[in-house]
Each structure stands twice: as C-alpha cells, then as structure tokens.
Amino acid sequence: MLRPAATLARALRPWIGPGLALGALGLALAQNAPPTGTPIYTCIDAQGRLLSSDRPIPECRDRLQRELGPSGTVRRILEPPPSPEERARQEALQRSQAEAAGRAADELRREQLLLMRYPYPASHQRAREAALQQVQASLQVAQQRLQHLDDEARRLQEEMEFYRKDPSRAPPTLKRRLADNAHQRQLQLQYLDDLQRERTRIEERFDAELTTLRRLWAAAAAPPPAAAEPARPSR
C-alpha cells in the first residue's frame, strides 16, 4: 500500500531531486513510523514514483527495493531477480567454475599418486630405464627380422637375374615370394617407426613427470614452518 509519506516525497522531488526526496521520505517515515519492528519497503517504480509499503512492493519486483527500519535507516537492499540472460550467464559461470574445480581436484589426485609411486628420484629413473629397455628389446628383434627380410630379398633378386631379359618367364612361385617379401619388409619398417615413436613418447612422458616430481619432492623435503615462540611472561 502507498503511504502518505511517499506522496510528500513525490511532491518534493521536482524541487530537491530524487536523492533528497528519498531522504525526505526517510524522515517522514521516521516521524510516522509503524509499530517498532515493522519494516518499511521503499522503491522508485517504472514511472519514477517513490513508493513505500509495509511489505515488498509488487510494482518494484523488477528493481531495487530498500527495507527501512522504524528510524528510517536502511536495513537491507532487495535485489530484483535476474533476467533469463543473466541467469544463463550465471549458470554458465557456475558450470565453468565447477569444471575448473574438478580439473584442479583431478590434478591434485594425480600428483599425489605420482608422488606415492615415485617417492625418490632413483625410483623414477629405474622406471624410465625399465620402460625404455622393453622398447629397445623389441627394436632389436624387429631390426633382426628386417635384416633377415633384406637378405632374403637379395637372394630372390639373384634368382631373378636368370630372367632379366624376359621377366615374364620367371616362375610364379618366385614372383609371389618377391611380392610377399616386399610386403613383409614394408610392414616391418612401419613397425620399426612405431617403436621409435613409442620410445620418444616414453621419454617425453618421463620428462614431464620428472618436472612435476621435482616440485613435489622439493615441497615434501621442505621443513615445516617454524611455530611462533610463545611470548614469555614479563617479570
């Protein structure tokens, strides 16, 4: 309900401005205050009218309202509900913050597990050497296989020398063996490339882990902050 004090403030607004009119409203409300403890709500509606009521004002549901005490002092400010666009932005911000917090928690757990797995530099170095040793063993076997295929290819080419003038006369079995050898050599070369990439990936992974572990080891080895010495009683 609109109170008479608001009528007085509206009458004064053209002469003293909206800010002083609000102050005049507070003074008038203090002089005509309802029983102690009853709040007074004030706002300026869409038409520029200064309204007051003993409950939140429906005409100002989309704008700021002030809750005044019996003395005219501001107890709190009621914010209008967010618009759909503002609500969407707030929800997007909350999702982004939740995702960032989740990533931070995952990273912390990963670091804790990494430190538990490699508590000392020597343990990490041993793991690196073991992983690289497995790849190196596979590389040696693959290289031996490729060397065997190369030797076989030379022998087959020597047999084809008998048919150099007319390769069409070469036996079908020899041709199939040559084609199969070429295919096997291509597969073996691809396998060797994969092993080389795997070795590089292992080195990069252990290098990245080592960078993180050096920070974690340093933090674990750092002495705890010294407790403040209790003050001695004065004599």
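The shown structure was predicted, so the numbers you read here are calculated from the model rather than taken from an experiment.

## Notes on the environment of Ala179
Inference 1: Note on placement: Ala179 falls in helix α4 (residues 172-221).
Inference 2: With relative accessibility at 49%, the residue Ala179 sits in the partly exposed group.
Inference 3: C-alpha separation for the pair Ala179 and Ala153, spaced 26 residues apart in sequence, amounts to 9.7 Å.

## Thoughts on the state of the cysteines
Inference 1: A full pass over the atoms with the stated rule returns one disulfide.
Inference 2: Linked covalently through their sulfurs, Cys43 and Cys60 form a disulfide whose S-S length is 1.9 Å. Across the disulfide from Cys43 to Cys60, rotation about the S-S bond amounts to roughly 70 degrees, and the bridge is consequently right-handed. Residue Cys43 is located in strand β1 (residues 40-44), and its partner Cys60 is located in the loop between β2 (50-53) and β3 (65-68); the two are separated by 17 residues in the primary sequence. Cys60 matches Cys43 in its accessibility class, with the two residues each being buried.

## Notes on the nonpolar core
Inference 1: Core analysis: the biggest nonpolar cluster contains 16 residues, and Tyr118, Leu139, Leu192, Ile202, Phe206, Leu213 and Trp217 have the highest contact counts within it.
Inference 2: When contributions to this core are tallied by element, the ones reaching two or more residues are α3 (121-160) and α4.
Inference 3: Here this core takes eight residues from α4, the largest share from any one element.
Inference 4: Beyond its immediate sequence surroundings of up to four residues, Tyr118 is in contact with Ser123, His124, Ala127, Phe206, Glu209, Leu213 and Trp217.

## A look at the sheet that holds β3
Inference 1: Ordered in space as β2-β1-β3-β4, the four strands form an open sheet in which the pairing is antiparallel. The open sheet has two free edges, formed respectively by β2 and β4 (74-78), since each of these has just one partner strand. Neighbour to neighbour, the strand axes of the sheet diverge by 25 degrees on average, direction disregarded.
Inference 2: The pairing of β1 with β2 spans four bridges and is antiparallel. Paired with Thr42 across the bridge in β2 is Ser52.

## Some thoughts on the pattern of salt bridges
Any two side chains of opposite charge can pair, so long as their charged atoms come close to each other.
Inference 1: Inspection of the entire model under this criterion finds 16 salt bridges.
Inference 2: With its nearest N and O atoms 2.1 Å apart, the salt bridge here joins Arg109 to Asp106. Placement of the pair is Arg109 and Asp106 together in helix α2 (residues 84-117), with a separation of three residues, close to one helical turn.
Inference 3: Here Arg109 falls in the partly exposed class, since its relative accessible area comes to 44%.
Inference 4: Residue Asp106 is classed as partly exposed on the basis of its relative accessible area of 42%.
Inference 5: Between Arg164 and Glu161 there is a salt bridge whose closest N-O contact spans 3.5 Å.

Definitions and limits used
Residues numbered from 1 in each chain as written. Predicted model: local features only at pLDDT ≥ 70, side-chain atom pairs only at ≥ 80, totals over all residues. Heavy atoms only, no water. Helix = DSSP H or I, 4+ residues; strand = E, 2+ residues; numbered from the N terminus. Buried < 20%, exposed > 50% of the residue type's maximum accessible area, 1.4 Å probe, protein only. Disulfide = S-S within 2.5 Å. Core = buried A, V, L, I, M, F, W, Y, C linked by side-chain atoms within 4.5 Å. Contact = heavy atoms within 4.5 Å. Pairing = 2+ DSSP bridges. Axes fitted to C-alpha atoms, helices over the stretch in contact; angles between N-to-C directions. Salt bridge = Lys/Arg side-chain N within 4 Å of Asp/Glu carboxyl O.

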